[in-house]
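Each chain, letter by letter, is given below.
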Amino acid sequence: MRLFNVELIRFWSRRITWVTMAVVAACMLFGVGIAFTQTSADEPTGAGPRQTTNPDCVADLTAARDSGDDPELAGLSDEEIADRFCTFFEDSDDRRFFATDILGFGQVEDWSDSRESESQRGTIRVEGVQYEAPNFGLEGILPGIGVFLLIVAVVLGGSYVGAEYRSGTVENLLLWEPRRGRVLVTKNVAGFLSGFTVQTVLLVFFAALLLALAQFRGTFQGVDGRFWLDLVGVIIRAALMAGCFFVLAMAIAGLAKNTTAAVVALLGWFVVSNILIELLVPQVRQFELFSNAGAFIGLGDVGRYVGSDSNRALVLSHGPWLGAVVTAIWALLPAGLALGLFVRRDVT
């Protein structure tokens, strides 16, 4: 327990921890400040938001479905195509910020009803085979920021271990506690909790800013008890994923004995992974790190590609909870390898 307390104190005593959190918080304040200038608390002068279906959009997509050009539309009725792809809210006078935009469905009359309809999966027919279509879950502001802030966990996790190798404090620590396995396991547990806490603090701060924006420059239309449960759930799930990414970055930094290796490896993968997978190995999309983490945060599904290259479509692979397991495996395998090497090799 004393070693665990030391690791927590060390993390929260580091300058990079507070500087990083301050920079992120300042960016959040700046973004919400811009949104404040672009929104208005005044209700629209017209009849208010109205749901509109674009007939040209429906005609084009039904033609694509009938011709087989777009396998994602196969098996959908005209009404399903209209509701899913061609229906939107039209109101140019409404400059209010809707609190429901925080999680993803915008101008709705009842959040619970919208969530239930979004949870119903459609079907996709590809090359004569019927598949379930993926549901992408909550795609609002906060889930998106939760995925982006995983980068913060990567930076802090990589530097947490890399800095010890750079400064040579690992050797001093092992003089005090020579059981290497215990040292690294304790570091991983403390790192997971630290990443969890940082993500929670930042997302709670950002959610508070957005709710204040809705209070003074918008509306809480459609918000109900289910909305608040979803809001808390997004923050907790994003914090859990941040803990996993913190441990993953620690493992890579420990294997390479370098902070830069962890940050470059994971940030590089974040930037290029979708391009590489889309072009080179679409068959492994369902195992991609950030796709699974994002699906768990937003309670969406992870998709996989089926069909030939010329007739390829994204279909359901697995749900968000299995996505959390895949992400945990991504973190635990390098952590286990780092533990094995840390116990056996020279730390200098």
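Details of the structure are given in the entry above.
What you are looking at is a predicted structure, and each value in this text was computed from that prediction instead of being measured. (Residues numbered from 1 in each chain as written. Predicted model: local features only at pLDDT ≥ 70, side-chain atom pairs only at ≥ 80, totals over all residues. Heavy atoms only, no water.)

Trainee: Give a description of the overall build of the protein chain that names residues and reports values.
Mentor: Of regular secondary structure, the protein chain possesses 13 helices and eight strands. When the accessible surface of the protein chain is summed, it comes to about 16900 Å², and 61% of that surface belongs to carbon and sulfur atoms. (Helix = DSSP H or I, 4+ residues; strand = E, 2+ residues; numbered from the N terminus. Areas by Shrake-Rupley, 256 points an atom, 1.4 Å probe, with all protein chains shown as cover.)

Trainee: So what's going on with the pattern of salt bridges? Residues and values would help.
Mentor: Following the criterion strictly, the structure yields three salt bridges and no others. Between Glu7 and Arg10 there is a salt bridge, and its shortest N-O distance comes to 3.7 Å. Here Glu7 pairs with Arg10, and both are found in helix α1 (residues 2-13), just three residues apart, close to one helical turn. (Salt bridge = Lys/Arg side-chain N within 4 Å of Asp/Glu carboxyl O.)

Trainee: I'd like a rundown of the nonpolar core, residues and numbers included.
Mentor: Within soluble globular proteins, side chains that are nonpolar tend to cluster in buried spots. One finds Ile102, Leu103, Leu142, Met241 and Phe245 to be the most contacted residues of the largest nonpolar core, which totals 64 residues. In terms of residue count, the dominant contributor to this core is helix α10 (residues 225-256) (15 residues). In contact with Met241, not counting residues within four places along its chain, are Leu150, Ala293, Phe296, Ile297, Ala324 and Thr327. Ranked by size, the runner-up nonpolar core spans six residues in total, among them Ile124, Val306, Ala313 and Val315. (Core = buried A, V, L, I, M, F, W, Y, C linked by side-chain atoms within 4.5 Å. Buried < 20%, exposed > 50% of the residue type's maximum accessible area, 1.4 Å probe, protein only. Contact = heavy atoms within 4.5 Å.)

Trainee: Please provide a residue-by-residue account of the packing of aromatic side chains, values included.
Mentor: One pass over the structure, following the stated rule, counts twelve aromatic pairs. Here Trp269 and Trp330 contribute two aromatic rings whose centre-to-centre distance is 6.5 Å and whose plane-to-plane angle is 35°, an arrangement assigned as tilted. Highlighted residues: Trp269 in helix α11 (residues 259-279) and Trp330 in helix α13 (residues 320-344), separated in sequence by 61 residues. Taking the relative accessible area as the measure of exposure, Trp269 reaches 27% and is therefore partly exposed. The class of Trp330 is partly exposed, set by a relative accessible area of 32%. (Phe/Tyr/Trp six-rings, centres within 6.5 Å; stacked < 30°, edge-to-face > 60°.)

Trainee: Explain the layout of surface pockets to me, using residue names and the numbers behind them.
Mentor: Empty space within the second largest pocket amounts to approximately 430 Å³. Lining the second largest pocket we find 21 residues, and of these Val147, Phe290, Ser291, Gly294 and Ala295 sit closest to its centre. Ranked by residues supplied to the lining of the second largest pocket, first place goes to helix α12 (residues 289-298) with five residues. Residues that form the lining of the second largest pocket fall into these classes: eight nonpolar, nine polar and four charged. (1 Å grid on protein atoms, 1.4 Å probe; cavity = no way out; pocket = protein on both sides within 12 Å on 5 of 7 lines; lining within 4 Å. Points joined across faces, edges and corners; volume = space filled by probe spheres on them. Nonpolar A, V, L, I, M, F, W, Y, C, P; charged D, E, K, R; others polar.)

Trainee: Any details on the pairing of strand β8 (residues 313-318)? Residues and values, ideally.
Mentor: When you tally the buried positions in β8, you get five out of six residues, the bulk of the element. Across five bridges, the pairing between strand β7 (residues 302-306) and β8 is antiparallel. Residue pairing in the sheet places Arg304 in a bridge with Val315 of β8. (Pairing = 2+ DSSP bridges.)

Trainee: Summarise the packing of helix α7 (residues 150-167) against helix α9 (residues 180-217); cite the residues concerned and give the values.
Mentor: Direction vectors running N to C along α7 and α9 enclose 145°, while the axes themselves pass 10 Å from each other. Of the two possible hands of crossing, α7 and α9 adopt the one that is right-handed. Facing Leu150, Val152, Leu156, Tyr160 and Glu164 of α7, the residues of α9 in contact are Lys187, Ala190, Val198 and Gln199. Looking at side-chain class alone, the contact of α7 with α9 contains six nonpolar, one polar and two charged residues. (Axes fitted to C-alpha atoms, helices over the stretch in contact; angles between N-to-C directions. Left-handed = near helix turned anticlockwise from the far one by under 90°.)

Trainee: Provide a residue-level description of the environment of Leu211, including the pertinent values.
Mentor: The topology assignment puts Leu211 in helix α9. With residues up to four places along the chain from it excluded, the contact list for Leu211 reads Ile102, Phe220, Trp228 and Leu231.

Trainee: Give a detailed account of empty space enclosed by the protein, specifying residues and quantitative values.
Mentor: Counted by the stated rule, this structure contains two cavities of 30 Å³ or more. Its boundaries defined by the atoms lining it, the second largest cavity holds a volume of some 30 Å³. Leu149, Val152, Ala153, Leu156, Gly195, Val198, Gln199 and Ala242 together form the lining of the second largest cavity. Looking at the lining of the second largest cavity, the elements that each hand over two or more residues are α7 and α9. Its residues placed into classes, the lining of the second largest cavity shows six nonpolar, two polar and no charged.

Remember that the coordinates give geometry; whether it matters functionally is a separate question.
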